[in-house]
Each structure stands twice: as C-alpha cells, then as structure tokens.
Amino acid sequence: MTHRPGTPPSTRPAVNWLLVLGLGALALVRPLARITGTADGLGTPAGPLLLTALVTLVWIGVVGLGRVPRPVLTLVLAGVTYGICIIPLSAVLSTVLTGTLQGPVAAPIAVVPILLTNALWGLVAGLLALAVQHLRGAR
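As a convention, each chain's residues are numbered from 1 in the sequence order in which they are written. This being a predicted model, a pLDDT of at least 70 is required before a residue's local features are given, and a value of 80 or more before pairs of side-chain atoms are given or counted; all residues contribute to the totals for chains, interfaces and linings. The side-chain quantities take in all heavy atoms of the structure and omit both hydrogens and water.

A. Summary view of the confidence of the model for the chain. Mean pLDDT over the chain works out to 89, with 91% of the residues at or above the 70 mark. Confidence of the prediction at every residue is given by pLDDT, a number between 0 and 100. A run of H or I in DSSP becomes a helix once it reaches four residues, and a run of E becomes a strand once it reaches two; helices and strands are each numbered from the N terminus. Within the chain, helix α2 (residues 29–36) has the poorest average pLDDT of any element, 86, and helix α1 (residues 17–26) the best, 98.

B. Broad picture of a nonpolar patch on the surface. Patch criteria: residues need more than 30% relative accessible area and no salt bridge. Like-charged residues are merged within 9 Å; nonpolar side chains of Val, Leu, Ile, Met, Phe, Trp and Tyr are merged within 5 Å. Accessible surface area values rest on a Shrake-Rupley calculation with a 1.4 Å probe, where residue burial reflects the displayed protein chains alone. By definition, a salt bridge exists where a carboxyl oxygen of Asp or Glu is found within 4 Å of a side-chain nitrogen of Lys or Arg. Together, Leu 32, Ile 35, Val 92, Val 96 and Leu 97 line one region of the surface with nonpolar side chains, adding up to about 480 Å² of accessible area. Those elements that place two or more of their residues in the nonpolar patch are α2 and α4 (71–98). If one sorts the elements of the nonpolar patch by residue count, α4 sits on top with 3 residues. Turning to its location among the elements, Leu 32 is positioned in helix α2. Exposure is judged per residue with a 1.4 Å probe applied to protein chains only, and the accessible area is read against the type maximum: over 50% gives exposed, under 20% gives buried, and values in between give partly exposed. A relative accessible area of 44% means that Leu 32 is categorised as partly exposed.

C. Geometry of the packing of α4 against helix α5 (residues 111–136). Look at α4 against α5: their axes get within 7 Å of each other, and the N-to-C directions meet at 150°. Taken together, the axes of α4 and α5 lie roughly antiparallel to each other. Remark: the crossing between α4 and α5 carries right-handed chirality. Each residue gets one of three labels, nonpolar for Ala, Val, Leu, Ile, Met, Phe, Trp, Tyr, Cys and Pro, charged for Asp, Glu, Lys and Arg, and polar for the others, Gly among them. Residues of the contact of α4 with α5, tallied by class, amount to 19 nonpolar, 6 polar and no charged. Interaxial angle, 0 to 180 degrees, is taken between N-to-C directions of lines fitted to C-alpha atoms, where a helix line uses only the stretch in contact. Every angle not falling under 35 degrees, over 145, or within 65 to 115 is termed oblique; those three ranges are roughly parallel, roughly antiparallel and roughly perpendicular. By the definition used in this description, the sense in which the near helix is turned from the far one sets the handedness, with an anticlockwise turn below a right angle giving left-handed and a clockwise turn giving right-handed.

D. Highlighting the nonpolar core. Among the buried residues, those of types Ala, Val, Leu, Ile, Met, Phe, Trp, Tyr and Cys that are joined through side-chain atoms within 4.5 Å form a nonpolar core. If you look at the biggest cluster of nonpolar residues, it comprises 18 residues, and the most contacted ones within it are Leu 23, Ala 27, Trp 59, Val 63, Leu 75, Tyr 82 and Trp 121. Within the residue set of this core, elements represented by two or more residues are α1, α3 (46–65), α4 and α5. Considering every element that reaches this core, the biggest residue donor is α4, with 5 residues. Here Tyr 82 is in contact with Gly 24, Ala 27, Leu 28, Arg 30, Pro 31, Asn 118 and Trp 121, once residues within four sequence places are set aside. Any two residues whose heavy atoms approach within 4.5 Å at even a single point are treated as in contact.

Here is the structure:
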C-alpha cells in the first residue's frame, strides 16, 4: 500500500479483487438463465427473483462465512462489476437475438441507474454479510 509521507499507513486490509470479480461474474447466471430459457421454467416474475435471491445468498454466504475483510465494500464492488458486465452483454445479446441494439448502450442514460441499482444490491448484501460476520464473532 502506498501512503503519503507523514501519515500513518492504513491498517485496513485491501479489497480482494479476484473475489470481487468472481462474485460479480457469478451474478451473470441471472441473464444467462434468461437467455437460455432456464428462468422461463420458474415463471415470471418468480424466476428472476429466485435467481437474484440465490445469487444474494451465495454472496452473503461466501463473504459472511468466509471472513472476508471489508464485506460491504467487497459486495458493493461485486454489484458494480456485475453492472459493468451486463452493459456490453446486453448490447451484444440484444443485437444477436433481435437484430436491434437495445439496452443501456442504445440508451446511455440508463448506464448510471444500472450501476447504482447493482451497487445498492451489493450494499444490502454486504450489510447482511457484515451482520453474519458479527454474529459469528469473526470481526
């Protein structure tokens, strides 16, 4: 870690970026299930909601039970990572599936709400993971 001269170095552990990327990528199960039709078998809106709940539970379990430092920041960043991934993915898939560019690339004003929504998802999951850590006495 780098720090400015004259200030004490931070004692807070760094974010595990590999974990952030992995958890963000895990959330891609949601759009992939929709594309493959797997989510259709669960019905609408039950399918997307169940997949979101499953991903959230995995995030909370991995971070809360895994004694991950900085659980809230880790999961906020995982949510933002997911948001960053789905923006180009939706552009490619909408073009392939419908022949028309759709989604946030076609309407760039939608990028900020997508990132904020997924950051909020990560924030809620991170706070729950932090609670799990506190209940376990891991912090």
